[in-house]
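Structure assessment
Each chain, letter by letter, is given below.
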Amino acid sequence: MDFQEKLEVPVYTDVDRATFLRDIYPLRRPVVLKRVPLGPCVRAWTVSYLAQKGGDREVEVHVSPEPRMDFLHKNFVYRTLPFDKFVQRAAEANHSDFFISKDESYYLRSLGEDARKEPADIRKQFPELAEDFHIPQFFEPEQFFSSVFRISSPGLQLWTHYDVMDNLLAQVTGRKRVVLYSPKDALHLYLTGDKSEVLDIDTPDLQLYPEFAKACRYECVLEPGDLLFIPALWFHNTLALEFGVGVNVFWKHLPPDSYDKKDPYGNKDPVAATRALQSLERTLGILEELPPDYQDFYARRMVLRIQNRGYTQHFIQLFERRELGELEPPPLCLSSNFTLGLKANTA
């Protein structure tokens, strides 16, 4: 895996709310948190216990003939199962009862009672299990958006994507590998909406996706009981190394009016960003009224305007703060690009 520079996600132990808000949260980088009390769920949530407590209520699950799920091309189907039967199937490598194949993979992402209007909340959808899980109080109660209950078959890998809200991924049982990419690497990830087209991040086709090699890969393996802080806009890809159960807790980092009120999943771009992207599409349509060489020229001018107005000043401010010792230096794989870009734009 030498096609990308690889960095480990920092690990902190015994972090309380004050430490998180003072030393971790302002840096806006992923961090693994160990020994944060999550309640009895870490010991209690065995397959048999989950099946018993969850009962036979029906749940809609993703079923795929292959473990690498692809949301862009939809290589899975939705099927409904009683929760206890689903848990038993998801924990198996091979199935005597199946929908597609004996080695099909399963994935549950809990939904609100009205999936089109209401965010997921483990306390409402799975109250018997929610008693075992203590949501870490690292944010104000009014910032809470959702708590998403997830169960994955062993070997299940989910596509690379970003979320627009801050997120604590609690890995309750099983081990999970998580690969993350900085928002600053968006240009290297071949995005369609909030998802990367590069499905195989371990052995990618670099002839098809040559820019992907320039992205800086952050990686960690979550053990049972670990928390991963994923700041908004950080791309992440998960691989269940074992049958695993987790809970994602999302909260609003921006003012409440910044978010789309009709978004129960919390994955739509902020309202201002959506307006800007729509305006850009209209602008590009206007450019098409010009001959190709004029389109090229004015598109390049627009790119320069976006660079100068959108992020150059922010980079300069970060550079100045780092020079004064107010911030840590950027990771090695970002520092050269950062410095070169700064010099080029301030020359």
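Shown above is the structure to which this text applies.
Below you will find a few notes about this structure. Small disclaimer: the values here were computed from a predicted structure and weren't measured. (Residues numbered from 1 in each chain as written. Predicted model: local features only at pLDDT ≥ 70, side-chain atom pairs only at ≥ 80, totals over all residues. Heavy atoms only, no water.)

1. What to know about the overall build of the protein chain
When helices and strands are tallied, the protein chain shows 9 helices and 16 strands. Relative to all contacts within the protein chain whose residues are 6 or more apart in sequence, the contacts with residues 24 or more apart total 74%. Working note: accessible area of the protein chain is about 18400 Å², and carbon and sulfur atoms make up 54% of it. (Helix = DSSP H or I, 4+ residues; strand = E, 2+ residues; numbered from the N terminus. Contact = heavy atoms within 4.5 Å. Areas by Shrake-Rupley, 256 points an atom, 1.4 Å probe, with all protein chains shown as cover.)

2. Some points on the pairing of strand E9 (residues 166–173)
Taken across its 8 residues, E9 has 8 buried, putting it largely inside the fold. Two elements, E9 and strand E16 (residues 244–251), share 7 bridges in a ladder whose sense is antiparallel. Along E16, the bridge assignment pairs threonine 173 with valine 245. The pairing of E9 with strand E14 (residues 226–230) spans 5 bridges and is antiparallel. Residue pairing across strands places leucine 168 opposite phenylalanine 229, the latter belonging to E14. (Buried < 20%, exposed > 50% of the residue type's maximum accessible area, 1.4 Å probe, protein only. Pairing = 2+ DSSP bridges.)

3. Observations regarding the side chain of histidine 188
Assignment of secondary structure puts histidine 188 in the loop between strand E10 (176–181) and strand E11 (191–192). Residues within four places of histidine 188 in sequence aside, it is in contact with Glu211, Phe212, Lys214 and Ala215.

4. Details of the packing of aromatic side chains
Summed over all chains, the structure comprises 23 aromatic pairs. An angle of 35° between the planes, with centres 6.1 Å apart, marks the rings of phenylalanine 3 and phenylalanine 212 as tilted. Of this pair, phenylalanine 3 sits in the segment before strand E1 (6–8) while phenylalanine 212 sits in the loop between strand E12 (195–196) and strand E13 (217–222); the two residues are 209 residues apart in sequence, bridging distant segments of the chain. Phenylalanine 212 gets classed as buried once you look at its relative accessible area, which sits at 1%. Residues tyrosine 162 and phenylalanine 235 carry aromatic rings whose centres are separated by 5.4 Å and whose planes lie at 80° to one another, so their mutual orientation is edge-to-face. Of the two residues, tyrosine 162 is situated in the loop between strand E8 (157–161) and E9 and phenylalanine 235 in strand E15 (residues 235–240); the sequence distance between them amounts to 73 residues. Pair check on accessibility: tyrosine 162 and phenylalanine 235 agree, each one buried. (Phe/Tyr/Trp six-rings, centres within 6.5 Å; stacked < 30°, edge-to-face > 60°.)

5. Observations concerning the environment of lysine 214
One can find lysine 214 in the loop between E12 and E13. When the C-alpha positions of lysine 214 and leucine 189 are compared, they lie 9.2 Å apart, and in sequence the two are 25 residues distant. Not counting the four nearest positions on each side in its chain, lysine 214 is found in contact with Asp185 and His188.

6. Observations regarding the pattern of salt bridges
The tally for this structure, following the rule as stated, stands at 19 salt bridges. In this structure, aspartate 202 engages arginine 217 in a salt bridge whose closest nitrogen and oxygen atoms are separated by 2.8 Å. With aspartate 202 in the loop between E12 and E13 and arginine 217 in strand E13, this residue pair connects regions lying 15 residues apart in the sequence. A salt bridge links arginine 217 to glutamate 219, with the shortest nitrogen-to-oxygen separation between them at 2.9 Å. (Salt bridge = Lys/Arg side-chain N within 4 Å of Asp/Glu carboxyl O.)

7. A word on the sheet that holds E16
One open sheet accounts for 9 strands, arranged E2-E3-E14-E9-E16-E7-E6-E4-E5; its pairing is mixed. Only two strands of the sheet have a single neighbouring strand rather than two, namely strand E2 (11–13) and strand E5 (77–82). Sheet twist, expressed as the average angle between the axes of neighbouring strands with direction ignored, equals 25°. In the sheet, E2 pairs with strand E3 (residues 31–34) via 3 bridges, with the strands oriented parallel. Within E3, the position partnered with tyrosine 12 by the bridge is leucine 33. (Axes fitted to C-alpha atoms, helices over the stretch in contact; angles between N-to-C directions.)

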